[in-house]
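Understanding the architecture of this molecule
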Amino acid sequence: MRIADRYARGGPVVSFEFFPPKTEAGFRSLYRTIAELEKLRPGFVSVTWGAGGSTRSQTVELVTRIEREIGITAMAHLTCVGASAEDLAGILDRLAEAGIENVLALRGDPPRGETDWRPVAGGFSHASELAGFIRGRWSFCLGGACYPEKHPDAPSFEADLDALRRKVDAGVEFLITNLFFDNGDYFRFVDRAHGCGIGVPIVPGIMPIVSVANIRRIASLSGARIPPALEAELVKVGPDDASVMELGIDWATEQCHELLEAGVPGLHFYTLNQSPATRRIHGSLFPA
Ligand SMILES: Cc1cc2nc3c(=O)[nH]c(=O)nc-3n(C[C@H](O)[C@H](O)[C@H](O)COP(=O)(O)OP(=O)(O)OC[C@H]3O[C@@H](n4cnc5c(N)ncnc54)[C@H](O)[C@@H]3O)c2cc1C
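What comes next concerns the included structure. (Residues numbered from 1 in each chain as written. Predicted model: local features only at pLDDT ≥ 70, side-chain atom pairs only at ≥ 80, totals over all residues. Heavy atoms only, no water.)

The next point concerns the overall build of the chain. The number of helices and strands found in the chain is 11 helices and 8 strands. The C-alpha atoms of the chain give a radius of gyration of 18 Å, which matches the 19 Å a tight globule of 288 residues would have. Overall, the chain is about 50 × 45 × 45 Å in size when its C-alpha atoms are taken along their principal axes. By residue count, 53% of the 288 residues in the chain fall in the buried class. The contacts of the chain with a sequence gap of at least 6 include a subset with a gap of at least 24, amounting to 79%. Surface accessibility of the chain: about 13100 Å² in total, with carbon and sulfur atoms responsible for 51%. Computing the positive centroid from 29 side-chain charges and the negative centroid from 36, the chain places the two 3 Å apart. (Helix = DSSP H or I, 4+ residues; strand = E, 2+ residues; numbered from the N terminus. Rg over C-alpha atoms; globule rule 2.2 N^0.38 Å. Buried < 20%, exposed > 50% of the residue type's maximum accessible area, 1.4 Å probe, protein only. Contact = heavy atoms within 4.5 Å. Areas by Shrake-Rupley, 256 points an atom, 1.4 Å probe, with all protein chains shown as cover. Lys, Arg positive; Asp, Glu negative; His and termini not counted. Charge placed at Lys NZ, Arg CZ, Asp CG, Glu CD.)

So this is what it looks like as structure tokens:
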């Protein structure tokens, strides 16, 4: 099913994001996670596109298996990193042949060790170019990424929103946000996007904190701010992972309650391939 149609039917649409593991054991564990989360009847799941190496073809294999064998609508992420238009066309043909209907069109980050983004020869500079390329030749439903606190490379909010509008004009039908910990950032961003004429669903991306090391690394990589109130709570609970996870679940649950009350089109959970935190949050939001 096309994900945009699912949002159009009315929400909230709950979705889960996974990444392709690097090992056999990782795959076994991921399939257990998917089996647990499938019981929550997600609207769709998505599988990230690796920054390089062997996990790339695994995205195609994983979405195909999830969609065909497990029967959940699965979206493939796809980035422009290290790929020419011809390379990307080969991947898109494979996805279409496998019956995948949804693609998250992304630029991606510069390869490890590089700071500035440079497209490869015959490749694309921005996600909007990838979206336009896909729209011209395939009939995938397209999603895109957006950043409530501004993409770190963008010189200003205005420039970032201008680029976002181009992405939507190029054919992106819904947007999923970067993770954020302060709903105020999301609400202000949505108002600004609407003010720029962006009318597609803007779905909040939620990442429950599972450990201090993990959240500090992810916050610094993604550019998401840890608000002072959360920072104070983190300091209070200390380094114990179990206590941090409890705090993470409480914080994300409160965020989600407020977002649902505000009528968001859906909730997209960055699961980190683990089910317990997401299941607990889902359980308090949608008690059986
Ligand atoms: C929901 C979500 C899922 C993600 N999944 C993955 C994944 O699977 N694999 C992965 O490697 N990364 C993933 N990322 C990270 C993402 O690839 C990076 O954040 C990357 O730096 C930007 O990608 P983008 O698609 O947002 O790029 P773009 O939309 O191209 O934006 C990148 C920068 O370029 C600017 N820009 C865009 N268009 C123009 C233009 N026409 N002119 C001038 N400036 C412009 C923007 O303002 C921004 O600063 C994900 C991010 C999110 C939020």
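All right, on to empty space enclosed by the protein then. The rolling of a water-molecule-sized probe over the atoms marks out the regions of remaining empty space. Under the definition given, this model contains 1 cavity of 30 Å³ or more. Taken as a whole, the largest cavity holds about 30 Å³ of empty space. Lining the largest cavity we find Tyr147, Pro148, Glu149, Lys150, Asn178, Leu179, Ser222, Gly223 and Ala224. Residues of the lining of the largest cavity, tallied by class, amount to 4 nonpolar, 3 polar and 2 charged. (1 Å grid on protein atoms, 1.4 Å probe; cavity = no way out; pocket = protein on both sides within 12 Å on 5 of 7 lines; lining within 4 Å. Points joined across faces, edges and corners; volume = space filled by probe spheres on them. Nonpolar A, V, L, I, M, F, W, Y, C, P; charged D, E, K, R; others polar.)

Bringing the site of the ligand into the picture now. For the ligand, the set of nearby residues contains 24 residues, the closest of which are Asp109, Tyr147, His151, Asp160 and Lys167. One of the side-chain N or O atoms of Asp109 is found 2.5 Å from an oxygen atom in the ligand. Interatomic distance of 3.4 Å between a backbone N/O atom of Ala154 and an oxygen atom of the ligand. Protein chains bury 84% of the 970 Å² of accessible surface belonging to the ligand in isolation. Taken together, the elements giving at least two residues each to the shell around the ligand come down to α6 (157-169) and β6 (174-179). By residue number, the principal contributor to the shell around the ligand is α6, which donates 4 residues. (Near = heavy atom within 4 Å. Polar contact = N/O pair within 3.5 Å; in protein donor to acceptor, adjacent residues only side chain to side chain.)

Remember, this is a structural readout, not a statement about activity or role.
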